[in-house]
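Topology and contacts: notes
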Amino acid sequence: MKKQRRIHEFKPGSVFYACLIYLFLYLPIFVVIAFSFNTSKMNITFEGFTLEWYGRMFENRQLMQSFFNTIIVAGVSTVISVIIGTLCALGLYKFEFKLKNVLSSSLYIPIVIPELVFAIALLIFFTSLNVSMNMATLIISHVTFSMPFVVITVRARLAGFDRSIEEAARDLGANEFRTFMRVTLPMISPGVLSGGMLALTMSLDDVVVSFFTAGPESTTLPLKILGMVRKGVSPDVNALSTLMIVGTIVILLTSTIIQGRLERKM
Amino acid sequence: MIKSFKKHLGILGTVGPTVLWLALFLLIPLIYVIGISFLTKNAYGGVDFTVTLSNYVSLFQSEYGKVFADSLWLSLETTVICLLVGYPFAYIIANAPKKWKPFLVLLLMLPFWTNSLIRTYGWNTLLRTEGIINHFLQWLGVIERPLEMLYTDGAVLLGMVYALLPFTVLPIHTSIEKLDPSLLEAAGDLGAGKVHVFTRVILPLTMPGIFAGSIQTFIPSLGFFFISDMMGGAKTMYIGNLIKNQFLSARNWPLGAVLSIVLIVITLILMRLYTRVGSLEDMA
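Note that the structure is predicted; figures quoted are calculated from it, not measured.

Criteria and cut-off values
Residues numbered from 1 in each chain as written. Chains lettered and ligands numbered in written order. Predicted model: local features only at pLDDT ≥ 70, side-chain atom pairs only at ≥ 80, totals over all residues. Helix = DSSP H or I, 4+ residues; strand = E, 2+ residues; numbered from the N terminus. Buried ≥ 20, exposed ≤ 12 C-beta atoms within 10 Å, placed from the backbone. Contact = placed C-beta atoms within 7 Å. Axes fitted to C-alpha atoms, helices over the stretch in contact; angles between N-to-C directions. Left-handed = near helix turned anticlockwise from the far one by under 90°. Nonpolar A, V, L, I, M, F, W, Y, C, P; charged D, E, K, R; others polar. Core = buried A, V, L, I, M, F, W, Y, C linked by C-beta atoms within 7 Å. Expected span 1.5 Å × (residues − 1). Bend = angle between axes of the 7 residues up to and from the residue. Parallel < 35°, antiparallel > 145°, perpendicular 65-115°, else oblique. pLDDT = per-residue confidence, 0-100. Domains from an automatic or database assignment.

Turning next to the environment of I202 of chain B. All names here are of chain B. One can find I202 in helix 9 (residues 194–205). When the 18 C-beta atoms within 10 Å are taken as the criterion, I202 is described as partly exposed. Linking I202 and L179, residues 23 residues apart in sequence, is a C-alpha distance of 7.7 Å. Excluding its chain neighbours within four sequence positions, the residues that come into contact with I202 are L179 and V197.

Shown next, in the form of C-alpha cells:
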C-alpha cells in the first residue's frame, strides 16, 4: 500500500516538467487572445487594453462571412456524420454480412492516410465532374474524414453493450422501434455524443482538406488567416479567433460534463 | 424468406449510407488520383487523355529526391522529438494522483480543440523578428539585435512538434495506464534498479503506445503544408508544399497525383510495419 502511494504523488521535478510542457502548449493561444485586447494595431508589444476589435470585427464583412462558413460547415457536417455514422455502427453491431471486415477496415482509410492525399483526391473528383467548389463540397469533404470517427466511437460503446437488455424489452412487448428509442439509444448516447464532439472538433480544426475543397465564396476562418499571415494580421482577426477558441472550449467542456452524467446514469 | 428480406433491408438501411458515402467520396476519388497519374498535363493547366509513364519517371529527378529526403528527415526529427519530450510527460500524467488525472488529460486536449492554424499563427506572432520573444529578449538586454527565428527550418520543426505532440502523448499515456503496477514492484523486489525497471519492463510493455504515437505523428506531419508555409521561409521545399503547388501554382495535376501516390505508399509501408506490432483499433 505504501509503495502504491509513493508512485502516485507529485515530485517537484515532474511538476516543473509538466508545467513547462503545458506552458508550451498554451503559449500561442494566450498570445492570440492577449493581442485581441491590444490597443496597438501591430502584434508586437502590448500597449493598452481595449475592446475595440470586438466591435470592429463586425465591420469586416469577409472575415465574418468566413467565420459563419466555419460554423455552418462544422454544424452540418457533424449532424450528417453522427446520423450515418451511428447507423453504420448499429448495423455493424447487429448484422453479420459479407465484406463486413472490408467495411470495418475501410473506415480506417480516412484516418490513416495523410489528409492532403484525400483532399486532392476530392479536388480532382469534383473538378472532373465540373462541380465548382462551394459549401456543399466543403461539407461533403468534412463528413468524409469525420464520419469514421463517429462509427468507431459508437461501435466501441456498443461493444460493451449487454444484448439481453434489448431482448428483455422486446419480451416485455416493446416493438423494435420502441426498443431502439427507449433502450438502445440511451445506452449508446454517451458514445454518440463523444463521436459527435470528435466530428465537430475535426471539422473546426481542419485546414488541409478545406484548403482544396472550399471555393472563393465558402472560405473558412482558418483559411482566411492563412491568406493574411504574410502581410500581417489585424487584431480583429485575433478577436474573432478568441471567440472561436472560447466557443469551442465551452461547447466541448459542456458536452464532456453531459457525457459524464449520461455515463453515471447507466 | 420474409425474415431474410427484413435482414437485408436492415443492413442496407444501417451500413448502406456509409458504404455509399465511402465509395463515392473516398474510393472513387482515390481511383481518380491513380488514373490521373498516368495522364499528360496540357499547356492550359488541364489534363490530356494521353496515357504516359513520364510522371512516374520524373520522380527520379534529383530535385524531387531532395524534397523527399528533406520531408522524411523533418518528419523523423518531429517524431523523435515528440517521443523524447512526450514520453516523460505521458508518464507524469499517468502517474499523477488519481483525482488530478482527468483534469491533466483534459488540459492536454484543450489546446487541440482549437484550430491548429490559429495556434500556429500564435507562434508566428511570437517568433517574428519584430515579435514578442525578440522584444522581450532585447528588453532584458540578452541580445542586441533581434534573432532571426521565424521563417527558418527550426521554426518549421517547432511548429510540427507543437501540432503533433498530443498525438504522440495520448497513445503512450494509454499504454502506461495499462501497466500493471505489481509487475514494476516485482521487478524492484527482484533487485532491478530504477534504470533497469525502465529499460527492461516499462519500455518494452509500452512499445505499442510508442509505435501508435510515432505513426500518428509521422504520417500527418508529411502532409502539413500550412505549417511550413507559416513558419518556414520557403527555403526548404517539403513534399506537402510540393504537392500543393502542383495543384495551385504549377498546375501540373498528374505530377501532383504521382507525388500523392508516393505519400500513400509511404503510409502503407508504415502501416504494414505497424500492424505487426499493434492493432488498428489503437489508432483511433
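Here we take up the packing of helix 7 (residues 115–128) of chain A against helix 13 (residues 253–277) of chain B. At a minimum axis distance of 10 Å, the contact between helix 7 of chain A and helix 13 of chain B shows a crossing angle of 145 degrees. Handedness of the helix 7 of chain A/helix 13 of chain B crossing: left-handed. In this structure, helix 7 of chain A uses L116, V117, I120 and I124 of chain A to contact helix 13 of chain B, whose residues at the interface are W253, G256, S260, L263 and I264 of chain B. The residue makeup of the contact of helix 7 of chain A with helix 13 of chain B, split by class, is seven nonpolar, two polar and no charged.

Moving on to the interface of chain B and chain A. Taken together, the contact pairs 66 residues of chain B with 75 residues of chain A. Tallying contributions element by element places helix 1 (residues 2–36) of chain B first for the side of chain B that touches chain A, with 18 residues. Class assignment for the residues of the side of chain B that touches chain A results in 44 nonpolar, 17 polar and five charged.

Right, let's talk about the nonpolar core for a bit. One finds A119, I120, A121, L122 and I124 of chain A together with F226 of chain B to be the most contacted residues of the largest nonpolar core, which totals 134 residues. Among the elements that take part in this core, helix 7 (residues 153–177) of chain B stands out by supplying 13 residues, more than any other. Apart from the residues lying within four places of it in its own chain, the contact partners of I124 of chain A are P29, Y32, V33, I36 and W253 of chain B.

So, about helix 8 (residues 135–159) of chain A. Residues and elements named next belong to chain A. A rise of 1.5 Å per residue sets the reference length of helix 8, with its 25 residues, at 36 Å; its end C-alpha atoms lie 36 Å apart and thus fit the reference within 8%. The sharpest bend along helix 8 reaches about 35 degrees and sits at S146, with the proline P148 one to four residues further on. Where burial is concerned, most of helix 8 is hidden: 19 out of the 25 residues are buried.

All names here are of chain B. Two elements in contact, helix 10 (residues 207–223) and helix 13, have axes separated by 10 Å at closest approach and are oriented at 175 degrees. In terms of axis orientation, helix 10 runs roughly antiparallel to helix 13. Facing M207, P208, F211, I215, F218, I219, L222 and G223 of helix 10, the residues of helix 13 in contact are L263, I266, T267, L270, Y274 and V277. The residue makeup of the contact of helix 10 with helix 13, split by class, is twelve nonpolar, two polar and no charged.

The predicted structure's coordinates, where accompanied by low pLDDT, should not be read in detail. All names here are of chain B. In this model, chain B carries a mean pLDDT of 88, and residues with pLDDT of at least 70 account for 96%. Across chain B, the element-wise mean pLDDT spans from 82 in strand 2 (residues 47–48) up to 94 in helix 3 (residues 62–94). Interface predicted TM-score (ipTM) for the complex: 0.88; the corresponding pTM is 0.89.

Our focus in this paragraph is the domain arrangement of chain A. All names here are of chain A. In terms of domain boundaries, chain A breaks down into domain 1 (9–50) and domain 2 (62–265). Between domain 1 and domain 2, the C-alpha centre-to-centre distance is 30 Å. Taken together, the contacts link seven residues of domain 1 with seven residues of domain 2. Its residues placed into classes, the side of domain 1 that touches domain 2 shows four nonpolar, two polar and one charged.

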